[in-house]
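# Geometric and topological summary
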Amino acid sequence: QVQLVESGGGLVQAGGSLRLSCTASGRTFGSYAMGWFRQAPGKEREFVATISWSGGNTDYANSVKGRFTISRDNAKNTYLQMNSLKPEDTAVYYCAGSPVYYGDYAGGYNAWGQGTQVTVYS
């Protein structure tokens, strides 16, 4: 089982950038597809981005395409580079992983981090 810990959240002005990190523990991280989801107050958790186990495939929510970039390295880290941030990007961001699922459905992921808060002010 993989455990996930997010970091890098914070307070940023609109138009600014943040880089979120997700660090995994466990020997099977390399076989996991990874995803980022977010949940704003009073809203359901929504898909942000996903990356395949090899890193060769990525997918993004339309709302973040062209602004966010997901990546991963071989040292058990997954990243979400967020540029041109908007107030509507304010949410708790969660990292998720799955050994069998790659996609935008939260229920397909069986490992979740505790979340990191991102607040964008105008």
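Up top you'll find the structure we're talking about.
The paragraphs below set out a description of the structure included in this document.

Calculation notes
Residues numbered from 1 in each chain as written. Predicted model: local features only at pLDDT ≥ 70, side-chain atom pairs only at ≥ 80, totals over all residues. Heavy atoms only, no water. Helix = DSSP H or I, 4+ residues; strand = E, 2+ residues; numbered from the N terminus. Pairing = 2+ DSSP bridges. Axes fitted to C-alpha atoms, helices over the stretch in contact; angles between N-to-C directions. Core = buried A, V, L, I, M, F, W, Y, C linked by side-chain atoms within 4.5 Å. Buried < 20%, exposed > 50% of the residue type's maximum accessible area, 1.4 Å probe, protein only. Contact = heavy atoms within 4.5 Å. Salt bridge = Lys/Arg side-chain N within 4 Å of Asp/Glu carboxyl O.

## Comments concerning the environment of glycine 115
With respect to the helices, strands and loops of the structure, glycine 115 is situated in the loop between strand S10 (111-112) and strand S11 (116-121). Through-space distance from the C-alpha of glycine 115 to that of glycine 35 is 12 Å; in sequence the pair is 80 residues apart.

## Focus on the sheet that holds strand S7 (residues 68-72)
The strands making up a sheet are joined through hydrogen bonds of the backbone, oriented either antiparallel or parallel. With antiparallel pairing, 4 strands are arranged side by side in an open sheet as S1-S3-S8-S7. A single partner strand is all that each edge strand has here, and the edge strands are strand S1 (3-7) and S7. Shown here is a sheet whose adjacent strand axes are inclined to one another by a mean of 15°, direction ignored.

## Some thoughts on the nonpolar core
Trp36, Leu80, Met82 and Tyr93 are the most contacted members of the largest nonpolar core, which has 33 residues in total. Among the elements of the structure, strand S3 (18-25), strand S4 (33-39), strand S5 (46-51), S7, strand S8 (77-82), strand S9 (91-98) and S11 are those that each provide at least two residues to this core. Discounting chain neighbours no more than four positions away, the residues touching tyrosine 93 are Glu6, Leu20, Trp36, Phe37, Arg38, Val48, Phe68, Leu80, Met82, Gly115, Thr116 and Val118.

## Looking at the environment of isoleucine 70
With respect to the helices and strands, the residue isoleucine 70 is situated in strand S7. The sequence separation of isoleucine 70 and glutamine 13 amounts to 57 residues, and the corresponding C-alpha distance is 21 Å. If we skip the residues at most four places from it in the chain, isoleucine 70 touches Met34, Trp36, Ala49, Thr50, Ile51, Thr58, Tyr60, Thr78, Tyr79 and Leu80.

## Observations regarding the pairing of S5
Of all 6 residues that make up S5, 5 are buried, and the element is covered over most of its length. One ladder, built from 5 bridges, connects S4 with S5; its direction is antiparallel. Counterpart to glycine 35 in the pairing with S5 is threonine 50. Adjacent in sequence and paired antiparallel, S4 and S5 are bridged by 6 residues, among which glycine 42 carries a positive phi angle near 75°. Pairing analysis gives 3 bridges linking S5 to strand S6 (residues 58-60), with the strands arranged antiparallel. Its bridge partner being in S6, isoleucine 51 is matched across the sheet by threonine 58. Counted between consecutive antiparallel strands, the loop separating S5 from S6 contains 6 residues, among which glycine 55 sits at a positive phi close to 85°.

## Notes on the pairing of S1
Only one face of S1 is covered, namely the face carrying Leu4 and Glu6; the face carrying Gln3, Val5 and Ser7 is uncovered. Both S1 and S3 contribute to a ladder of 5 bridges, which runs antiparallel. Bridge assignment links valine 5 to a residue of S3, and that residue is threonine 23.

## A word on the pattern of salt bridges
Per the stated rule, a full pass over the model turns up 3 salt bridges. Residues arginine 67 and aspartate 89 are paired through a salt bridge, measuring 2.8 Å at the closest nitrogen-oxygen approach. On the criterion of sequence distance, the pair formed by arginine 67 in the loop between S6 and S7 and aspartate 89 in the loop between S8 and S9 is long-range, its members being 22 residues apart. One network of salt bridges, in which partners are shared, links Arg38, Glu46, Arg67 and Asp89.

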